[in-house]
Amino acid sequence: MIPTNSPALAPLLFLLGGLLVPLAALKFRRSPFPLAAAFTAAAAAVSVHNVFRVLEVGTLRYRFGGWLPPIGIEYVLDPLSAFITAVINVIALLVLIHARLTVASEIPERKHGPYYALIMLMMTGFNGIVLTGDFFNLYVFLEIASLSLYGLIAVGDRKSPVAAFRYLVIGMVGGCFYLLGVGFLYINSGSLNMADLKAILPLLGAGPEIIVALCFMVLGFGVKMALFPLHGWLPDAYTYAPTATSALMAPIGTKIGAYGLLRVLFFVFGLNFVTRTVPLAQAISWLAAAGILYGSIMAMAQDELKRLLAFSSIAQVGYIGLGIGLANPLGLLAAVLHVLNHGLMKACLFLAAGNFRLKLGHSRIPALDAGVRRRMPWTSAAFTLAALSMIGLPPTVGFFSKWYLALATIRNRSWVFLAVILASSLLNAVYFFRVIERLYLKPAGREDETRSAPVAPSSVRGEVAASMLLPTLVLAASLIVIGLLNVLIIKGLLVRILPPGMEAALP
Amino acid sequence: MRDFLVGHYFYWFIFLLMTIGLAGIVLKRNLIKKVIGMSILQVAIILFFVASASKWEATVPILDPALGAAETARYINPLPHCLMLTAIVVGVATSGVAFALIISIWRRFRTLDENELLEKLKHDPD
């Protein structure tokens, strides 16, 4: 029974968790974390298992209530959605293990039940978005994820409700645009099912209404993904949210928008439509290139570690957008590989920033020095490794994303984009070395700076607790391991995600 | 041209409504008025779907013995209405979360005016 239902299992596990966690919290005060971690672990196990199943037997479909699509709603587990769910659920598990102590120190205890419940609901939404084969169902999951995310942001710092409200306004307009696009598509085709639409759309031709529908949907996903001119909500939301929230939404949240873009552009409308009929892919690649430069330049000017990472996220999402926009097989491979790679790198960096915040009470870059590194050698090492990976040093994962992306730009003969990738690597080096240099070379500051730091619970001098250190180190180690294994991942798995007709073009 | 303008009159109203909603979100400085603008935008999209379902000389989508099930052209399409039930729930939830955030902003900063809020945020220590 489990094997046949496996496509629907991961989101349903999270949904069950979202219901059970707050109920159990009423009775057992300490239950939210273990319950949430158990559900996430189960979902992560299911989704990793699903990857192997899909590789073995091919695409799996689950029909809710037994209704046949296009009338019923189906969940589709193809190589792309299996890969993305596995990535987000495994990263969520690692972040959640890390989150126990930061949540305990940042959020009052009576709010723990709702907080973990919201994390479960957000993961329900993310998994649903990735797995569903129905455009309206995707909208509902998009809103479930966004609504939980607004709540998760708003329990942070003093300024967090303002950041959450700004995100709510922008995110809600993005959701409305997406829904309007779905409406145009439905009026013209009479279907909401992705596979069905893929068959119908070529018959409809390229009327203005279809183009408008596509543009509105891309706009909606662009907001969720923080594609360049639509990124306004991101820096404040990442900075003021609690550590656990920003460590969850930075590696996972924006990738879901990128996934939606990928799905709509190449799996529903098709390569021909988005590159020749409407030059939308080209437009996306230019916006992404602008975002790469903008994010990198802004990141250099930041004095707060989380804010620096937020701007660097805008730049990194630009790499994914650029890979999508180049619209050749290598570009798509680079984009999907970067979803995994950036997820691991950003999670590692945000966890390290969380470790600094818990121990030092802040994460201001000017206040970091060699004394911090001596107190927290492992966290500093993990941070440095992840930063080197962001810059793109081999054999870390960051190098391979950039390598495939650069090959894709060469293939399209887009020399401007190649220059953008190289320039942004240099800018990455500049802003990360500002932090690394302080950690390793700046002599330890005056005593009063370290003494004035508020002492967080469970903190004795030295490194953070094992439950926080372990996820950070596992992520840091994975940067090298996956970097070395990347050929296996590409050859064994990612080649099979390419939309039909594109694999042939691979070298 | 005249046919296009008159024949789509309902859609012109919907796009007017959408513009009003977007203008409210962008131009109004009061946060509550922004939420009102959001609701207007959502209602416009709900009406867009509902309007798309209507047909001339068709009846409610409940099986009529006189018509039978085969004559689908004589029934209004029920699917957009069902979709919009969900969208209405999403809209209500969004407004609820927005108002909860506004309450929490008011408690911390004692203002709902966007400019004043930005001014206070600038001088607020982290």
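Residues numbered from 1 in each chain as written. Chains lettered and ligands numbered in written order. Predicted model: local features only at pLDDT ≥ 70, side-chain atom pairs only at ≥ 80, totals over all residues. Heavy atoms only, no water.

**Focus on the overall build of chain A**
Applied cut-off: Here a helix means four or more residues in a row that DSSP labels H or I, a strand means two or more in a row labelled E, and each is numbered from the N terminus. This radius of gyration counts C-alpha atoms alone. The globule rule is 2.2 Å times how many residues there are, raised to the power 0.38. With a 1.4 Å probe rolled over the protein chains alone, any residue whose accessible area is under 20% of its type maximum counts as buried; one over 50% counts as exposed, and the rest are partly exposed. The contact criterion used throughout is that any non-hydrogen atoms of two residues lie within 4.5 Å. Areas reported as accessible are Shrake-Rupley estimates using a 1.4 Å probe. Residue values count occlusion only from the protein chains shown. In this tally, Lys and Arg are treated as positive and Asp and Glu as negative; His is ignored, and so are the chain termini. In plain terms, the charge of a residue is placed at NZ if it is Lys, CZ if Arg, CG if Asp and CD if Glu.
Scanning chain A from N- to C-terminus turns up 21 helices and two strands. What you see for chain A is a C-alpha radius of gyration of 22 Å, in line with the 23 Å of a compact globule of 507 residues. Based on the C-alpha atoms only, the size of chain A along its principal axes is roughly 75 × 60 × 40 Å. Per-residue burial for chain A yields a buried fraction of 64% across its 507 residues. Taking as baseline every contact in chain A between residues at least 6 positions apart, the subset at least 24 positions apart corresponds to 79%. On chain A, roughly 17,600 Å² of surface is accessible, and the fraction owed to carbon and sulfur atoms is 69%. Placing the 37 positive and 20 negative side-chain charges of chain A at their respective mean positions leaves the two points 3 Å apart.

**Focus on the nonpolar core**
All names here are of chain A. Just so we agree on the cut-off: Remark: nonpolar core denotes a set of buried residues (Ala, Val, Leu, Ile, Met, Phe, Trp, Tyr, Cys) joined through side-chain atoms within 4.5 Å.
Counting residues in hydrophobic clusters, the biggest one holds 216 residues, and the most contacted among them are Phe135, Leu265, Phe269, Phe383, Phe432 and Leu494. Among the elements that take part in this core, helix α14 (residues 329-360) stands out by supplying 21 residues, more than any other. When neighbours within four sequence positions are excluded, Phe135 is seen to be in contact with Tyr178, Val182, Leu185, Leu192, Met194, Leu197, Met217, Val264 and Val268.

**Some points on the packing of aromatic side chains**
The test is simple: Side-chain rings of Phe, Tyr and Trp (the six-membered ring for Trp) are treated as a pair once their centres are within 6.5 Å; stacked means planes under 30 degrees apart, edge-to-face means over 60, and tilted covers the remaining angles. Put simply, a charge is over a ring when the Lys NZ or the Arg CZ is close to the ring centre, within 6 Å, and near the line of the ring normal, within 35 degrees.
A complete count under the given rule lists 27 aromatic pairs over all chains for this structure. Look at Phe136(A) and Tyr139(A): their rings are 5.7 Å apart centre to centre, the planes differ by 40°, and that puts the pair in the tilted class. Here Phe136(A) pairs with Tyr139(A), and both are found in helix α5 (residues 135-154), just three residues apart, close to one helical turn. When sorted by exposure, Phe136(A) lands in the same class as Tyr139(A), which is buried. Three or more aromatic residues link up through ring pairs in this structure, and these residues are Phe177(A), Phe184(A), Phe216(A), Tyr11(B), Phe48(B) and Phe49(B). The aromatic ring of Phe33(A) is capped on one face by Arg100(A), whose charged end is 5.8 Å from the ring centroid.

**Here's the deal with the interface of chain A and chain B**
Here is the rule: The quantity reported as buried area is the accessible area (1.4 Å probe) lost by two parts once they are put together, taken as the sum for both. Polar contacts, as used here, are pairs of N or O atoms within 3.5 Å; protein pairs need one atom able to donate a hydrogen and one able to accept it. Residues neighboring in sequence count only if both atoms are side-chain atoms.
Taken together, the contacts link 32 residues of chain A with 37 residues of chain B. Where chain A abuts chain B, roughly 3,000 Å² becomes buried across the two surfaces, and 81% of that area is made up of carbon and sulfur atoms. When residues of chain A are sorted by the area they lose upon contact with chain B, Arg158(A), Lys159(A) and Phe165(A) head the list and together hold 22% of the total. For the interface between chain A and chain B, the tally reads four residue pairs in polar contact (both at pLDDT 80 or more). The set of elements that each furnish at least two residues to the side of chain A that touches chain B consists of α5 and α6 (160-189) of chain A. Sort the elements by how many residues they give to the side of chain A that touches chain B and α6(A) lands first, with 19 residues.

**A few points about the environment of Leu17(B)**
All names here are of chain B. In this structure, Leu17 sits in helix α2 (residues 9-27). Residue Leu17 is classed as partly exposed on the basis of its relative accessible area of 25%. Separated by 23 residues in sequence, Leu17 and Ile40 have C-alpha atoms that sit 6.9 Å apart.

**Thoughts on the confidence of the model for chain A**
The criterion, for reference: Confidence scores per residue from the predictor, reported as pLDDT, run from 0 to 100.
For chain A, the mean per-residue pLDDT works out to 88, and 94% of the residues sit at or above 70. Note on residues 447-460 of chain A: pLDDT under 50 across the span, and 10 contacts to partners over four residues away in sequence or across chains.

**Things to note about the packing of helix α13 (residues 305-326) of chain A against α14(A)**
All names here are of chain A. Stated formally: Axis definition: a line fitted to C-alpha atoms, limited for helices to the stretch in contact. Angles are taken between N-to-C directions and run from 0 to 180 degrees. Oblique is the label for every angle not falling under 35 degrees (roughly parallel), over 145 degrees (roughly antiparallel), or within 65 to 115 degrees (roughly perpendicular). When residues are sorted by character, Ala, Val, Leu, Ile, Met, Phe, Trp, Tyr, Cys and Pro go into the nonpolar class, Asp, Glu, Lys and Arg into the charged class, and all the rest, Gly among them, into the polar class.
Between α13 and α14, the shortest axis-to-axis distance is 8 Å and the interhelical angle comes to 175°. Between α13 and α14, the interaxial angle falls into the category roughly antiparallel. Among the residues forming the contact of α13 with α14, the class breakdown is 14 nonpolar, seven polar and three charged.

**Some points on unusual backbone geometry**
Following Pro69(A), the chain continues to Pro70(A) via a peptide bond in cis, the omega torsion being 5°. As for its position among the elements, Pro70(A) is in the loop between β1 (60-63) and β2 (74-77). Cis peptide bonds are those with omega within 30 degrees of zero, and the linkage from Pro394(A) to Pro395(A) qualifies with 5°. Its place among the elements puts Pro395(A) in the loop between α16 (377-391) and α17 (397-411). You will see that Ala226(A), though not glycine, has its phi angle at about 65°, which is positive. With relative accessibility at 1%, the residue Ala226(A) sits in the buried group. The backbone phi angle of Glu57(B) is positive, close to 55°, even though this residue is not glycine. On the secondary structure map, Glu57(B) appears in the loop between α3 (31-53) and α4 (79-109).

**Considering the pairing of β2(A)**
All names here are of chain A. Definition in use: By the convention used here, strands pair only if DSSP detects at least 2 bridges between them.
Burial along β2 is two-sided: the residues Glu74 and Val76 and Tyr75 and Leu77 are all buried. Sheet topology places β1 next to β2; four bridges connect them, and they run antiparallel. Considered in β2, the bridge of Tyr62 is made with Tyr75.

**A few points about a nonpolar patch on the surface**
All names here are of chain B. So the rule is basically this: Patch membership needs two things, relative accessible area over 30% and no salt bridge, and members are linked within 9 Å if like-charged or within 5 Å if nonpolar (Val, Leu, Ile, Met, Phe, Trp, Tyr). Within this document, salt bridges are pairs made up of a side-chain nitrogen of Lys or Arg and a carboxyl oxygen of Asp or Glu, the two lying within 4 Å of each other.
A cluster of nonpolar residues, Met1, Phe4, Leu5, Val6, Tyr9, Phe10, Trp12, Phe13, Leu16, Ile20, Val43 and Leu47, forms a patch on the protein surface that exposes about 1,200 Å² of accessible area. Of all the secondary-structure elements, those providing two or more residues to the nonpolar patch are α1 (2-7), α2 and α3. For the nonpolar patch, the element with the highest residue contribution is α2, accounting for six residues. Inspection of the secondary structure puts Phe10 in helix α2. Residue classification places Phe10 among the partly exposed residues on the basis of a relative accessible area of 35%.

**Looking at helix α12 (residues 280-300) of chain A**
An α-helix turns once every 3.6 residues. As a result, residues three or four positions apart point the same way. All names here are of chain A. How we decide: A helix is expected to span 1.5 Å for every residue after the first.
Relative to the 30 Å expected for 21 residues at 1.5 Å per residue, α12 spans 30 Å between its end C-alpha atoms, a close match to the ideal helical length. When we look at burial in α12, the residues that qualify are Leu280, Ala281, Ile284, Ser285, Ala288, Ala289, Gly291, Ile292, Gly295, Ser296 and Ala299. Of the surrounding secondary structure, the elements contacted by the buried residues of α12 are α8 (208-225), α10 (243-269), α11 (271-277), α13 and α18 (415-441).

**Notes on the environment of Ser478(A)**
Residues and elements named next belong to chain A. As for its placement among the helices and strands, Ser478 is situated in helix α20 (residues 466-484). On the accessibility criterion, Ser478 (15% relative accessible area) is buried. Linking Ser478 and Ala117, residues 361 residues apart in sequence, is a C-alpha distance of 28 Å. Contact partners of Ser478, with chain neighbours within four places excluded, come to Leu344, Val397 and Gly483. Among the polar contacts listed, one links the side chain of Ser478 to the backbone oxygen of Leu475, at a separation of 2.6 Å.

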